[in-house]
Structure formats: C-alpha cells, structure tokens
Amino acid sequence: MQQDDAKNALVARRIAELEAELHKFSILLSNLQESPDSSGHRYAAERIESIVAEIETLKTPPVEDQPVKDAPPLHSVLFVIGAILTVYGFAQQAWGAVVLGVAVAVAAQVVKTKATAATDDRL
C-alpha cells in the first residue's frame, strides 16, 4: 500500500515536471510561429509531441495480468466427452450416440486447431 502511494507520488511529480516543460515548449513554439521552417520550431514541435506521449503513458493505468485459468483446455474436455459418448454408443449399440461422440471429438480437434492458431498469432 505504501509502495503504491510512493509510486503514485513519483508519477504525479513526473507529470507535473512534464507539464511545466510542456508549457515552456508551448511558449517557445508560439514565439517561433513566424518561422515554421526553422530547426527550433521543428525541435519544439517534436519535443511537445514526445512530452504529450510520455504524459499519456504515465496517466494510463497499468495493464493487469490475466488470471491463470484453473480449468483444463476446452478441446480436452470436448474430446473426453466425445470419447465417452462413442464408447457408450458402441456398448449399447446406440449408433446415434456413436455418431454424436465422433462429431464432438472432431469438434474438439477443430477447437484445438483454432486455439493453437490464436496463440501463435499473439506471439
């Protein structure tokens, strides 16, 4: 708790420093409006942009880590359900259950493929 307060105080102080520097460069830029092709004008404009970007970065809240999932992956659960339905269907000679079990097992493989592709895209 105290660490968070200290960190927030440091961030607030840095933002105040940046806002003061932003004000200084804004005045400089307004004084250089008559010579927009000068290197001073270009430097002041670039510095203002970088200051604004840093202020926005400091003001955005940190992204919290995603909680770790406790559940098994969906494709594993679907595959087990499909296998159970298939075994039950063969045992009872319920061919509809066999077909349904195979369909669920195939769906598990599709979900696994999409999950793997989505994970690869994030990397």
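For clarity, every value in this text was computed on a predicted model and none was experimentally measured.

Undergrad: Lay out the overall build of the protein chain in plain terms, naming residues and giving numbers.
TA: A count of helical and extended segments in the protein chain gives four helices and zero strands. Element order for the protein chain, N to C, with α for helix and β for strand: α-α-α-α. Buried residues in the protein chain amount to 15% of all 123 residues. Element-wise, carbon and sulfur atoms account for 62% of the exposed surface of the protein chain, whose accessible area totals about 9800 Å².

Undergrad: Would you mind going over a nonpolar patch on the surface in detail, with residue names and values included?
TA: A surface patch of nonpolar side chains, about 290 Å² in accessible area, is lined by Phe79, Val80 and Ile84. Tracing the sequence through the fold places phenylalanine 79 in helix H3 (residues 74-92). Exposure remark for phenylalanine 79: the relative accessible area of 43% places this residue in the partly exposed category.

Undergrad: Got a sec to walk through unusual backbone geometry? Specific residues and values, please.
TA: You will see that glutamine 93, though not glycine, has its phi angle at about 55°, which is positive. By the element assignment, glutamine 93 lies in the loop between H3 and helix H4 (95-122).

Undergrad: So what about helix H1 (residues 2-31)? Which residues, and what values?
TA: In this model, H1 (30 residues) spans 44 Å end to end at C-alpha, consistent with the 44 Å of a helix rising 1.5 Å per residue. For H1, the complete set of buried residues consists of Ile15, Leu18, Leu22, Phe25 and Leu29. The inward-facing, buried residues of H1 abut helix H2 (39-59).

Undergrad: Run through the pattern of salt bridges, naming residues and quoting values.
TA: Under the definition given, this model contains four salt bridges. Glutamate 54 is the partner of arginine 14 in a salt bridge, and the nearest nitrogen-oxygen pair spans 3.0 Å. In this pair, arginine 14 is assigned in helix H1 and glutamate 54 in helix H2, connecting sequence segments 40 residues apart. You can call glutamate 54 partly exposed: its relative accessible area is 27%. The salt bridge partner of arginine 47 is glutamate 21, with a shortest N-O separation of 2.7 Å. Taken as a pair, arginine 47 in helix H2 and glutamate 21 in helix H1 lie far apart in primary sequence, 26 residues in all. A residue is classified by how much of its surface remains accessible, and glutamate 21, at 21% relative accessible area, is partly exposed.

Undergrad: Account for the side chain of histidine 41, with residues named and values stated.
TA: Turning to its location among the elements, histidine 41 is positioned in helix H2. Apart from the residues within four sequence positions on either side, histidine 41 is in contact with Leu29, Leu32, Gln33, Ser35 and Pro36.

Undergrad: Describe the nonpolar core, and please don't skip the residues or the numbers.
TA: The biggest cluster of nonpolar side chains holds eight residues, and these are Leu18, Leu22, Phe25, Leu29, Ala44, Ile48, Ile51 and Ile55. Those elements that provide at least two residues to this core are H1 and H2.

Undergrad: Summarise the confidence of the model for the protein chain; cite the residues concerned and give the values.
TA: Summing up the model confidence of the protein chain, the mean pLDDT is 84 and the portion of residues at 70 or higher is 89%. Model confidence for the protein chain, summarised as mean pLDDT per element, is weakest for H4 at 78 and strongest for H2 at 91.

Definitions and limits used
Residues numbered from 1 in each chain as written. Predicted model: local features only at pLDDT ≥ 70, side-chain atom pairs only at ≥ 80, totals over all residues. Heavy atoms only, no water. Helix = DSSP H or I, 4+ residues; strand = E, 2+ residues; numbered from the N terminus. Buried < 20%, exposed > 50% of the residue type's maximum accessible area, 1.4 Å probe, protein only. Areas by Shrake-Rupley, 256 points an atom, 1.4 Å probe, with all protein chains shown as cover. Patch = residues over 30% accessible without salt bridge, like charges linked within 9 Å, V, L, I, M, F, W, Y side chains within 5 Å. Salt bridge = Lys/Arg side-chain N within 4 Å of Asp/Glu carboxyl O. Expected span 1.5 Å × (residues − 1). Contact = heavy atoms within 4.5 Å. Core = buried A, V, L, I, M, F, W, Y, C linked by side-chain atoms within 4.5 Å. pLDDT = per-residue confidence, 0-100.

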